[in-house]
Structures are given as structure tokens and as C-alpha cells.
Amino acid sequence: MSEPRTVITFGTFDVFHVGHLRMIERAAGLGERLVVGVSADALNVRKKGREPVFSEQERLAIIAALRPVDGVFLEESLELKRDYIVEYGADVLVMGDDWAGRFDELKDVCEVVYLSRTPAISTTALIEKISGNG
Ligand code: C2G
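Everything in this summary refers to the structure shown in the same document.

Parameters and conventions
- Residues numbered from 1 in each chain as written.
- Predicted model: local features only at pLDDT ≥ 70, side-chain atom pairs only at ≥ 80, totals over all residues.
- Heavy atoms only, no water.
- Near = heavy atom within 4 Å.
- Polar contact = N/O pair within 3.5 Å; in protein donor to acceptor, adjacent residues only side chain to side chain.
- Areas by Shrake-Rupley, 256 points an atom, 1.4 Å probe, with all protein chains shown as cover.
- Salt bridge = Lys/Arg side-chain N within 4 Å of Asp/Glu carboxyl O.
- Helix = DSSP H or I, 4+ residues; strand = E, 2+ residues; numbered from the N terminus.
- Buried < 20%, exposed > 50% of the residue type's maximum accessible area, 1.4 Å probe, protein only.
- Arc of directions from axis to C-beta.
- Contact = heavy atoms within 4.5 Å.
- Patch = residues over 30% accessible without salt bridge, like charges linked within 9 Å, V, L, I, M, F, W, Y side chains within 5 Å.
- Pairing = 2+ DSSP bridges.
- Right-handed = clockwise from strand over helix to strand, strands pointing away.
- Core = buried A, V, L, I, M, F, W, Y, C linked by side-chain atoms within 4.5 Å.
- Phe/Tyr/Trp six-rings, centres within 6.5 Å; stacked < 30°, edge-to-face > 60°.
- Lys NZ or Arg CZ within 6 Å of the ring centre and 35° of its normal.

**Focus on the site of the ligand**
Inspection of the region around the ligand gives 21 residues, with Ser-39, Lys-48, Glu-75, Lys-81 and Ile-121 positioned closest. At 2.6 Å, a side-chain N or O of Ser-39 approaches an oxygen atom of the ligand. Residue Lys-81 places a side-chain N or O atom 2.6 Å away from an oxygen atom belonging to the ligand. Against a free-state accessible area of 630 Å², the protein chains account for coverage of 94% of the ligand.

**Structural notes on the pattern of salt bridges**
Opposite charge on two side chains makes pairing possible when the charged atoms of those side chains draw close. Considering all chains together, one arrives at seven salt bridges under this definition. Linking Arg-50 and Asp-14 is a salt bridge whose minimum nitrogen-to-oxygen distance equals 3.9 Å. In this pair, Arg-50 is assigned in the loop between helix 2 (41-48) and helix 3 (56-64) and Asp-14 in the loop between strand 1 (6-11) and helix 1 (18-28), connecting sequence segments 36 residues apart. With a closest N to O distance of 3.1 Å, Asp-98 and Arg-117 form a salt bridge. With Asp-98 in the loop between strand 4 (92-96) and strand 5 (111-115) and Arg-117 in the loop between strand 5 and helix 5 (123-130), this residue pair connects regions lying 19 residues apart in the sequence. Overall, the relative accessible area of 46% leaves Arg-117 in the partly exposed class.

**Structural notes on helix 3**
Within an α-helix, residues lying three or four positions from one another point in the same direction, as the helix has 3.6 residues per turn. Glu-56, Arg-59, Leu-60 and Ile-63 are the residues of helix 3 that are buried. Down the axis of helix 3, the sector holding all buried residues measures 100°, keeping them to one side. If you follow the buried residues of helix 3, they end up packed against helix 1, strand 2 (33-39), helix 2 and strand 3 (71-75).

**Considering a nonpolar patch on the surface**
On the surface, Val-53, Phe-54 and Ile-62 cluster together into a nonpolar patch covering about 230 Å² of accessible area. With respect to the helices, strands and loops of the structure, Val-53 is situated in the loop between helix 2 and helix 3.

**Structural notes on the pairing of strand 1**
Here strand 1 lies mainly inside the structure; six of its six residues are buried. Judged from the six bridges that link them, strand 1 and strand 2 form a sheet pairing that is parallel. Across the sheet, Thr-6 pairs through a bridge with Arg-33, a residue of strand 2. In this view, the connection linking strand 1 to its parallel neighbour strand 2 by way of helix 1 has right-handed handedness.

**Some words on the nonpolar core**
Among the nonpolar cores identified, the biggest contains 17 residues, and Val-7, Ile-24, Leu-34, Val-36, Ile-63, Val-69 and Val-94 are the most heavily contacted of them. Of all the secondary-structure elements, those providing two or more residues to this core are helix 1, strand 2, helix 3, strand 4 and strand 5. The greatest single-element share of this core, amounting to four residues, is contributed by helix 1. Discounting chain neighbours no more than four positions away, the residues touching Val-69 are Ile-24, Leu-34, Val-36, Ile-63 and Ala-64. The next biggest cluster of nonpolar side chains, apart from the first, holds 14 residues, and it includes Ile-8, Phe-10, Ala-90 and Met-95.

**A closer look at the packing of aromatic side chains**
How two aromatic rings sit relative to each other is given by the distance of their centres and the angle of their planes. The tally for this structure, following the rule as stated, stands at five aromatic pairs. With a centroid separation of 4.8 Å and an interplanar angle of 40°, the aromatic rings of Phe-73 and Tyr-84 are classed as tilted. Residue Phe-73 is found in strand 3, and its partner Tyr-84 is found in helix 4 (residues 81-87); the two are separated by eleven residues along the sequence. Each of the two residues, Phe-73 as well as Tyr-84, counts as buried. With 4.4 Å between their ring centres and 15° between their planes, Phe-73 and Tyr-88 make a pair best called stacked. With a gap of 15 residues between them, Phe-73 in strand 3 and Tyr-88 in the loop between helix 4 and strand 4 connect regions that are remote in the sequence. An aromatic cluster is present here, built from Phe-10, Phe-73, Tyr-84 and Tyr-88 joined pairwise through their rings. The ring of Phe-10 is capped by Lys-81, whose NZ or CZ atom sits 4.6 Å from the centre of that ring.

Take a look at the structure:
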């Protein structure tokens, strides 16, 4: 029998939507245990120039409550993926294909898989729609 595989994935998961859910479900399907790094508020400000709608504690709570998710942690920096993979014993890194190729250098520590994103849905589009600008 083969060893149980741990999958790791990362994201902000702000204004949680079905595209996020599908990514988490498909990531979970690649192994027996799924650990999710939720981007810190400060990382978002650095990366996207704005605070998320929901705080990191709220986003962590939402992701932790999902059935396919076995563990969550705060992702403090994009540059720490290698450390997180080792710390959580991940066998597979799953990222959306908007990051395709960006993490290939980690293939020496785990398998790296890029999954296609769900078309036509995004947090930015939802915010615009809700605020009446979309
Ligand atoms: N996603 C998706 N389909 C969408 C929107 C998002 O499959 N329509 C996926 C993304 O590809 C990602 C996850 O849902 O795998 C979370 O999306 P974001 O919160 O937008 O992730 P991002 O801000 O890019 O964070 O270390 C990397 C960062 O933490 C990535």
C-alpha cells in the first residue's frame, strides 16, 4: 500500500466563492490530507495594494471549516513556500494556472501541479458587482 499523500495549496480566499471551493476540492482529491496556507493581510497589502474585505482570522476560520481541509496556517510571504512545504510534510503543491511555471524550482522537494481556474468568477469582479460598478 502506498503512503498517504499530503497536499498543500495557497491563496487569499477573500470573499469566498465557488472558484475557491472547486480549487480546494480538486487539490484535496490529489491526496489524503490537505493543508492550506491563507495569505496574511500584510502580504495582500504588499501584493495587491489593498486590505482584503475579510480579515486573515475570518478567512482562516472559513477555510478551516471546509470538509476537504485538514489544516490551515497563515502564509506570511510568497518566498517561504519551500519552508512551508517542508514544515507541513507536503508531497504535492497545488497552484492555480495563473502561477504556471512559477514554482517549478520546488520540484526537488515535492510534486508541483497547476490546476486550471474556474472561468468568469473572481473576488475583484464580485466586489465590483456588489458595489454596483460591474
Ligand atoms: N481560483 C480558481 N478560480 C477562480 C478564482 C480563484 O481556481 N475563478 C483559485 C486560485 O487559482 C487559487 C485559489 O483559488 O488557487 C485562491 O485564489 P486567490 O485567493 O485569488 O489566490 P491568490 O491571491 O492568487 O493567492 O502564495 C500564493 C498566494 O497566496 C495566492
